[in-house]
Amino acid sequence: MPRLTRDRISEIARKILTAAGTSEANAKVVADHLADANMTGHDSHGFIRIPQYVADIKAGRRDPRAVPVVASESRAVVRVDGHRSFGQVVAEFGTRQAIVRAQAHGVGLATMGSLGHVGRIGSYGEMAAREGFASIMFTGLLGDAMIVAPYGGSVPRMSTNPIAIAFPYKPDCPILLDFASSIGAEGKLRVYRARGHKLPDEWVLDSSGKPSRDPNDFYSGGAVLPLGGLHGGHKGYALAFVIAVLGGLVGEYGLPEPAPGEFTSGSTIIAIDVGALGSVDALKVKVGGLVEYVKDTPLMPGHSEILFPGEKEAKTRQQRLKEGVDIEPATWEQITALAAEYDLVLP
Ligand SMILES: NC(=O)c1ccc[n+]([C@@H]2O[C@H](COP(=O)([O-])OP(=O)(O)OC[C@H]3O[C@@H](n4cnc5c(N)ncnc54)[C@H](O)[C@@H]3O)[C@@H](O)[C@H]2O)c1
């Protein structure tokens, strides 16, 4: 299993994407996002995605040189047309637009349509938090991406629609909620399958609608359960539904319909100027007080620490920036095959 540093992941991704026709500027943005997903422990949204993105380019689903534009704006609200560019390129642009509007109005909102897979959506919350803005982001997946069963259903009619909420706290470590509204992100199932592991619980239904812990059952015509699983899944399903509206439908609204059979998504990010709420330093002290209070909770057996949302990613990043990350052989084989296809010498 090769162990790769952040810079090596980013450089390999950049080289392959560029060889596949991506502009240098777009390749750098996407490569840095993939590397950062690996650094924060979300391998499901990192290096493993390179073959998928190359396949998107080859199939004409992605325009690898496209740049997003502001399609329309009204006061603090901006609508971004991604022109079928990479999700990471469009979402960085949209986040910047929301921040600029929040600087002017206190709150800014950007909706984004016609874009690819946005990856780990918490990274846009981190981007806003670094500049002193709280944020809420919704990504609703549409088209061919239906893999989640609505609560009570036995076949997919929803997607993993993620949500991220971030609040500035420490440098490089905001308070950060960032997860799929399904019981696990699809990429996580992909990693369990690639490593030959069972799922932690009954996360999926097989093709006959029976609950299962085998990730292969999902990939053989099954469905993923909503967050909350077999017994509390109504909450995850309701969350997925509103994210489909606020992210997917609102983001895509007014833009051309996706081609039949195409995966598509829409995202919405709301940036909030924390300084407009009061003293930022005083608020951070209050947040710190809440963190200390919950960390002081007596522990359940089997647990060693209470974390605040976002802390796990920050700790993993610190560790992986030093030690690198192991890439599973199945993914590495796909990457070396792509390198051979494009006649590249990998760094
Ligand atoms: N782009 C897409 O289409 C898409 C779709 C689904 C998911 N995703 C991404 O997949 C990634 C993984 O999603 P997931 O649902 O598997 O997330 P997950 O189950 O790993 O949960 C991550 C969240 O839980 C918090 N957390 C983890 N352990 C904690 C603890 N002990 N105490 C407190 N908080 C804790 C983390 O800080 C983070 O906010 C996310 O980055 C998400 O954005 C993307």
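Our structure's up above, just so we're on the same page.
Now for a quick tour of the structure. None of the values given here were measured: they were computed from a predicted structure. (Residues numbered from 1 in each chain as written. Predicted model: local features only at pLDDT ≥ 70, side-chain atom pairs only at ≥ 80, totals over all residues. Heavy atoms only, no water.)

1. Brief notes about the environment of Ala194
Mapped onto the secondary structure, Ala194 falls in helix α6 (residues 186–194). Taking the C-alpha atoms as reference points, Ala194 and Glu328, separated by 134 residues in sequence, lie 7.7 Å from one another. (Helix = DSSP H or I, 4+ residues; strand = E, 2+ residues; numbered from the N terminus.)

2. Here's the deal with the nonpolar core
The biggest cluster of nonpolar side chains holds 25 residues, and the ones touching the most others in it are Leu17, Phe47 and Ile50. Mapped onto this core, the elements with two or more residues apiece are α1 (6–19), α2 (24–39), α3 (50–58) and α11 (329–341). A per-element tally of this core places α2 first, with 7 residues. If near-sequence neighbours (up to four positions away) are discounted, Phe47 is found in contact with Leu4, Ile9, Ile12, Leu34, Asn38, Ile327, Thr331, Trp332 and Ile335. Membership of the second largest hydrophobic core comes to 19 residues, among which are Val80, Ala102, Val118 and Ile269. (Core = buried A, V, L, I, M, F, W, Y, C linked by side-chain atoms within 4.5 Å. Buried < 20%, exposed > 50% of the residue type's maximum accessible area, 1.4 Å probe, protein only. Contact = heavy atoms within 4.5 Å.)

3. Brief notes about the environment of Glu202
Looking at where Glu202 falls in the secondary structure, it is placed in the loop between α6 and β8 (204–205). With residues near it in sequence (within four places) discarded, Glu202 still touches Pro211, Ser212, Arg213, Leu225 and Leu230.

4. What about the pairing of strand β3 (residues 77–85)?
Regular strands have side chains that alternate between both faces of the sheet. Where strand β2 (residues 69–74) lies against β3, 5 bridges are found, and the strand directions are antiparallel. Counterpart to Ser72 in the pairing with β3 is Arg79. Taking the residues between adjacent antiparallel strands as the criterion, β2 and β3 are bridged by 2 residues, where Arg75 takes a positive phi near 50°. By the bridge criterion, 6 bridges tie β3 to strand β4 (residues 107–115) in an arrangement that is parallel. Bridged to Asp81 within β4 is Gly113. Remark: the β3/helix α4 (residues 87–105)/β4 crossover connection has right-handed handedness. (Pairing = 2+ DSSP bridges. Right-handed = clockwise from strand over helix to strand, strands pointing away.)

5. Some points on the site of the ligand
If you check the shell around the ligand, you find 22 residues, and the closest are Leu176, Asp178, Lys188, Gly310 and Glu313. Note that a nitrogen atom of the ligand is positioned 3.5 Å from one of the side-chain N or O atoms of His117. In the model, an oxygen atom of the ligand is placed 2.7 Å from a nitrogen or oxygen of the Gly310 main chain. In the complex, the protein chains occlude 80% of the 860 Å² of accessible area that the ligand would expose alone. (Near = heavy atom within 4 Å. Polar contact = N/O pair within 3.5 Å; in protein donor to acceptor, adjacent residues only side chain to side chain. Areas by Shrake-Rupley, 256 points an atom, 1.4 Å probe, with all protein chains shown as cover.)

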